[in-house]
Amino acid sequence: MSWKSTPASANRLRAKLDDEFETVAKPQGLRRSSDARREQESAAPAADPGEWQRSSEQRPAPRGHRAARAEDQAGAEDGKPERKGPSLKMRAVGYLSRREHAREELARKLLAYAEDAAEVEAVLDALEKEGWLSTERFAQSLVHRRASRQGAARIVQELRQHGVDANQVAELRDQLRATEYDRALEVWKKRFDAKPADRAAYAKQARFLASRGFAHDVIRRIVGDSDED
(Lines give C-alpha, C1' and ligand atoms only; values in the text may rest on other atoms or scores of the structure.)
Protein backbone atom coordinates (compact mmCIF):
# COMPACT_ATOMS: atom_id res chain seq x y z
CA MET A 1 0.00 0.00 0.00
CA SER A 2 1.54 3.28 -1.00
CA TRP A 3 1.57 6.08 1.42
CA LYS A 4 0.99 9.61 0.35
CA SER A 5 1.01 12.55 2.68
CA THR A 6 -1.51 15.24 2.42
CA PRO A 7 -0.51 18.90 2.49
CA ALA A 8 -1.93 19.29 6.00
CA SER A 9 0.03 16.38 7.39
CA ALA A 10 3.20 17.66 5.71
CA ASN A 11 2.80 21.04 7.35
CA ARG A 12 2.34 19.47 10.77
CA LEU A 13 5.46 17.37 10.27
CA ARG A 14 7.55 20.41 9.31
CA ALA A 15 6.29 22.33 12.38
CA LYS A 16 7.16 19.41 14.66
CA LEU A 17 10.64 19.16 13.19
CA ASP A 18 11.19 22.92 13.57
CA ASP A 19 10.23 22.76 17.28
CA GLU A 20 12.59 19.88 17.89
CA PHE A 21 15.41 21.72 16.08
CA GLU A 22 14.96 24.87 18.20
CA THR A 23 14.92 22.84 21.42
CA VAL A 24 18.19 21.17 20.56
CA ALA A 25 19.87 24.22 18.97
CA LYS A 26 19.46 26.70 21.88
CA PRO A 27 21.62 24.89 24.51
CA GLN A 28 24.22 24.24 21.92
CA GLY A 29 24.30 27.93 21.06
CA LEU A 30 24.72 28.83 24.74
CA ARG A 31 27.48 26.32 25.12
CA ARG A 32 29.19 27.71 22.06
CA SER A 33 29.02 31.32 23.36
CA SER A 34 30.32 30.36 26.86
CA ASP A 35 33.11 28.34 25.26
CA ALA A 36 34.05 31.32 23.15
CA ARG A 37 34.09 33.58 26.22
CA ARG A 38 36.39 31.20 28.10
CA GLU A 39 38.68 31.02 25.09
CA GLN A 40 38.87 34.82 24.98
CA GLU A 41 39.64 35.06 28.70
CA SER A 42 42.37 32.42 28.48
CA ALA A 43 43.86 34.15 25.47
CA ALA A 44 43.92 37.57 27.24
CA PRO A 45 47.19 38.36 29.15
CA ALA A 46 47.08 38.10 32.97
CA ALA A 47 46.89 41.37 34.91
CA ASP A 48 50.25 42.54 36.24
CA PRO A 49 50.12 42.96 40.07
CA GLY A 50 52.55 45.84 39.80
CA GLU A 51 50.31 47.57 37.31
CA TRP A 52 47.36 47.18 39.67
CA GLN A 53 49.38 48.61 42.53
CA ARG A 54 50.50 51.56 40.43
CA SER A 55 46.95 52.28 39.39
CA SER A 56 45.74 52.17 43.00
CA GLU A 57 48.54 54.53 44.04
CA GLN A 58 47.56 56.97 41.32
CA ARG A 59 43.93 56.94 42.45
CA PRO A 60 43.19 60.24 44.28
CA ALA A 61 42.63 59.94 48.03
CA PRO A 62 39.42 61.21 49.67
CA ARG A 63 39.31 64.88 50.56
CA GLY A 64 39.67 64.33 54.33
CA HIS A 65 42.75 62.19 53.90
CA ARG A 66 44.29 64.71 51.55
CA ALA A 67 43.78 67.51 54.07
CA ALA A 68 45.31 65.51 56.93
CA ARG A 69 48.25 64.53 54.78
CA ALA A 70 48.80 68.15 53.77
CA GLU A 71 48.85 69.22 57.43
CA ASP A 72 51.34 66.50 58.31
CA GLN A 73 53.58 67.51 55.44
CA ALA A 74 53.39 71.17 56.43
CA GLY A 75 54.32 70.32 60.04
CA ALA A 76 57.22 68.18 58.86
CA GLU A 77 58.49 70.95 56.61
CA ASP A 78 58.35 73.48 59.43
CA GLY A 79 60.19 71.13 61.74
CA LYS A 80 57.92 72.07 64.66
CA PRO A 81 56.05 69.23 66.36
CA GLU A 82 52.44 69.80 67.25
CA ARG A 83 52.17 71.05 70.82
CA LYS A 84 50.23 68.76 73.11
CA GLY A 85 48.96 69.27 76.63
CA PRO A 86 48.08 72.45 78.56
CA SER A 87 48.93 75.90 77.27
CA LEU A 88 51.82 77.86 78.72
CA LYS A 89 49.48 80.00 80.77
CA MET A 90 47.66 76.99 82.19
CA ARG A 91 50.99 75.42 83.15
CA ALA A 92 52.07 78.64 84.85
CA VAL A 93 48.81 78.93 86.78
CA GLY A 94 49.27 75.33 87.90
CA TYR A 95 52.71 76.12 89.30
CA LEU A 96 51.47 79.28 91.01
CA SER A 97 48.48 77.52 92.55
CA ARG A 98 50.87 75.25 94.47
CA ARG A 99 53.18 78.00 95.76
CA GLU A 100 54.51 81.46 94.96
CA HIS A 101 57.17 81.74 92.26
CA ALA A 102 59.63 84.43 91.28
CA ARG A 103 59.41 85.60 87.68
CA GLU A 104 62.83 84.18 86.72
CA GLU A 105 62.07 80.85 88.38
CA LEU A 106 58.75 80.48 86.56
CA ALA A 107 60.34 81.51 83.26
CA ARG A 108 62.91 78.71 83.55
CA LYS A 109 60.16 76.15 84.06
CA LEU A 110 58.05 77.38 81.13
CA LEU A 111 60.90 77.55 78.64
CA ALA A 112 60.89 73.76 78.44
CA TYR A 113 57.41 73.94 76.84
CA ALA A 114 57.74 77.11 74.75
CA GLU A 115 58.89 77.71 71.20
CA ASP A 116 60.80 80.87 72.10
CA ALA A 117 61.56 83.14 75.05
CA ALA A 118 59.30 85.92 73.74
CA GLU A 119 56.27 83.69 74.16
CA VAL A 120 57.19 83.04 77.79
CA GLU A 121 57.72 86.73 78.49
CA ALA A 122 54.28 87.55 77.11
CA VAL A 123 52.67 84.98 79.39
CA LEU A 124 54.56 86.27 82.43
CA ASP A 125 53.55 89.86 81.68
CA ALA A 126 49.89 88.80 81.52
CA LEU A 127 50.15 86.87 84.79
CA GLU A 128 51.73 89.84 86.58
CA LYS A 129 49.01 92.13 85.26
CA GLU A 130 46.30 89.75 86.46
CA GLY A 131 47.90 89.36 89.90
CA TRP A 132 48.83 85.71 89.57
CA LEU A 133 52.58 86.37 89.58
CA SER A 134 54.43 88.58 92.05
CA THR A 135 58.15 88.33 92.78
CA GLU A 136 57.70 90.55 95.84
CA ARG A 137 55.07 88.17 97.20
CA PHE A 138 57.36 85.22 96.44
CA ALA A 139 60.16 86.84 98.46
CA GLN A 140 57.94 87.33 101.49
CA SER A 141 56.74 83.74 101.21
CA LEU A 142 60.28 82.36 100.97
CA VAL A 143 61.40 84.31 104.04
CA HIS A 144 58.39 83.04 105.97
CA ARG A 145 59.20 79.41 105.06
CA ARG A 146 62.94 79.63 105.76
CA ALA A 147 63.25 81.98 108.73
CA SER A 148 62.58 79.37 111.42
CA ARG A 149 65.39 77.10 110.17
CA GLN A 150 67.97 79.29 108.39
CA GLY A 151 70.00 82.40 108.95
CA ALA A 152 69.91 85.66 107.04
CA ALA A 153 72.96 84.89 104.87
CA ARG A 154 71.51 81.71 103.42
CA ILE A 155 68.04 83.19 102.83
CA VAL A 156 69.48 86.28 101.14
CA GLN A 157 71.55 84.07 98.82
CA GLU A 158 68.43 82.19 97.74
CA LEU A 159 66.52 85.42 97.15
CA ARG A 160 69.25 86.69 94.85
CA GLN A 161 69.34 83.40 92.92
CA HIS A 162 65.64 83.85 92.14
CA GLY A 163 66.13 87.36 90.80
CA VAL A 164 64.46 89.29 93.61
CA ASP A 165 65.03 93.04 93.38
CA ALA A 166 68.13 94.21 95.23
CA ASN A 167 66.24 96.84 97.24
CA GLN A 168 63.76 94.26 98.48
CA VAL A 169 66.59 91.86 99.31
CA ALA A 170 68.31 94.53 101.41
CA GLU A 171 65.08 95.28 103.27
CA LEU A 172 64.42 91.62 104.03
CA ARG A 173 68.02 91.10 105.13
CA ASP A 174 67.69 93.88 107.72
CA GLN A 175 64.50 92.30 109.04
CA LEU A 176 66.17 88.90 109.32
CA ARG A 177 69.25 90.30 111.02
CA ALA A 178 67.04 91.92 113.66
CA THR A 179 65.75 88.48 114.72
CA GLU A 180 68.88 86.45 113.94
CA TYR A 181 69.90 85.66 117.52
CA ASP A 182 66.46 84.47 118.65
CA ARG A 183 66.01 82.27 115.58
CA ALA A 184 69.49 80.78 115.85
CA LEU A 185 68.97 80.02 119.53
CA GLU A 186 65.77 78.08 118.79
CA VAL A 187 67.53 76.06 116.10
CA TRP A 188 70.42 75.30 118.45
CA LYS A 189 68.11 74.16 121.28
CA LYS A 190 66.31 71.70 118.99
CA ARG A 191 69.63 70.06 118.04
CA PHE A 192 71.79 70.23 121.19
CA ASP A 193 71.02 69.67 124.84
CA ALA A 194 73.82 71.73 126.40
CA LYS A 195 76.68 74.10 125.73
CA PRO A 196 79.84 72.52 124.30
CA ALA A 197 82.07 70.95 126.95
CA ASP A 198 85.27 71.01 124.89
CA ARG A 199 86.73 72.42 121.71
CA ALA A 200 85.54 69.48 119.60
CA ALA A 201 81.96 69.97 120.76
CA TYR A 202 82.33 73.72 120.24
CA ALA A 203 83.49 73.21 116.66
CA LYS A 204 80.65 70.77 115.95
CA GLN A 205 77.95 73.15 117.18
CA ALA A 206 79.50 76.15 115.45
CA ARG A 207 79.71 74.30 112.13
CA PHE A 208 76.07 73.28 112.41
CA LEU A 209 74.83 76.85 112.93
CA ALA A 210 77.12 78.20 110.21
CA SER A 211 75.77 75.65 107.72
CA ARG A 212 72.31 77.04 108.38
CA GLY A 213 73.47 80.52 107.42
CA PHE A 214 73.58 82.22 110.81
CA ALA A 215 76.07 85.02 111.39
CA HIS A 216 79.39 84.32 113.14
CA ASP A 217 78.82 86.87 115.90
CA VAL A 218 75.48 85.22 116.72
CA ILE A 219 77.12 81.76 116.76
CA ARG A 220 79.77 82.95 119.23
CA ARG A 221 77.12 84.35 121.51
CA ILE A 222 75.21 81.07 121.55
CA VAL A 223 77.95 78.44 121.87
CA GLY A 224 80.69 80.52 123.52
CA ASP A 225 78.99 82.38 126.39
CA SER A 226 77.70 80.12 129.15
CA ASP A 227 75.63 82.93 130.61
CA GLU A 228 73.40 83.07 127.50
CA ASP A 229 70.32 80.85 127.57
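An unreviewed UniProt entry annotates the protein chain as Regulatory protein RecX of Achromobacter marplatensis. In the Sequence similarities (unreviewed entry) part of its UniProt record, the protein chain is described as follows: "Belongs to the RecX family." Under the heading Subcellular location (unreviewed entry), UniProt records this for the protein chain: "Cytoplasm".

> Let's hear about the packing of helix α10 (residues 180-191) against helix α12 (residues 216-224): which residues, and what values?
Between two packed helices, the angle of one axis relative to the other and the distance separating the axes together describe the packing. Axis separation between α10 and α12 bottoms out at 10 Å; the angle between their running directions is 45°. For the element pair α10 / α12, the angle class is oblique. As for the relative orientation of α10 and α12, their crossing is right-handed in sense. Where α10 abuts α12, its residues Glu180, Tyr181, Ala184, Leu185 and Trp188 lie against Val218, Arg221, Ile222 and Val223. Considered class by class, the residues forming the contact of α10 with α12 number seven nonpolar, no polar and two charged.

> Please provide a residue-by-residue account of helix α5 (residues 103-110), values included.
The set of residues buried in α5 consists of Arg103, Glu105, Leu106, Ala107 and Leu110. Buried positions along α5 lie against α4 (88-98), α6 (117-130) and α7 (135-146).

Thresholds applied
- Residues numbered from 1 in each chain as written.
- Predicted model: local features only at pLDDT ≥ 70, side-chain atom pairs only at ≥ 80, totals over all residues.
- Heavy atoms only, no water.
- UniProt positions renumbered as here; feature names shortened; annotations may be inferred.
- Axes fitted to C-alpha atoms, helices over the stretch in contact; angles between N-to-C directions.
- Helix = DSSP H or I, 4+ residues; strand = E, 2+ residues; numbered from the N terminus.
- Parallel < 35°, antiparallel > 145°, perpendicular 65-115°, else oblique.
- Left-handed = near helix turned anticlockwise from the far one by under 90°.
- Contact = heavy atoms within 4.5 Å.
- Nonpolar A, V, L, I, M, F, W, Y, C, P; charged D, E, K, R; others polar.
- Buried < 20%, exposed > 50% of the residue type's maximum accessible area, 1.4 Å probe, protein only.

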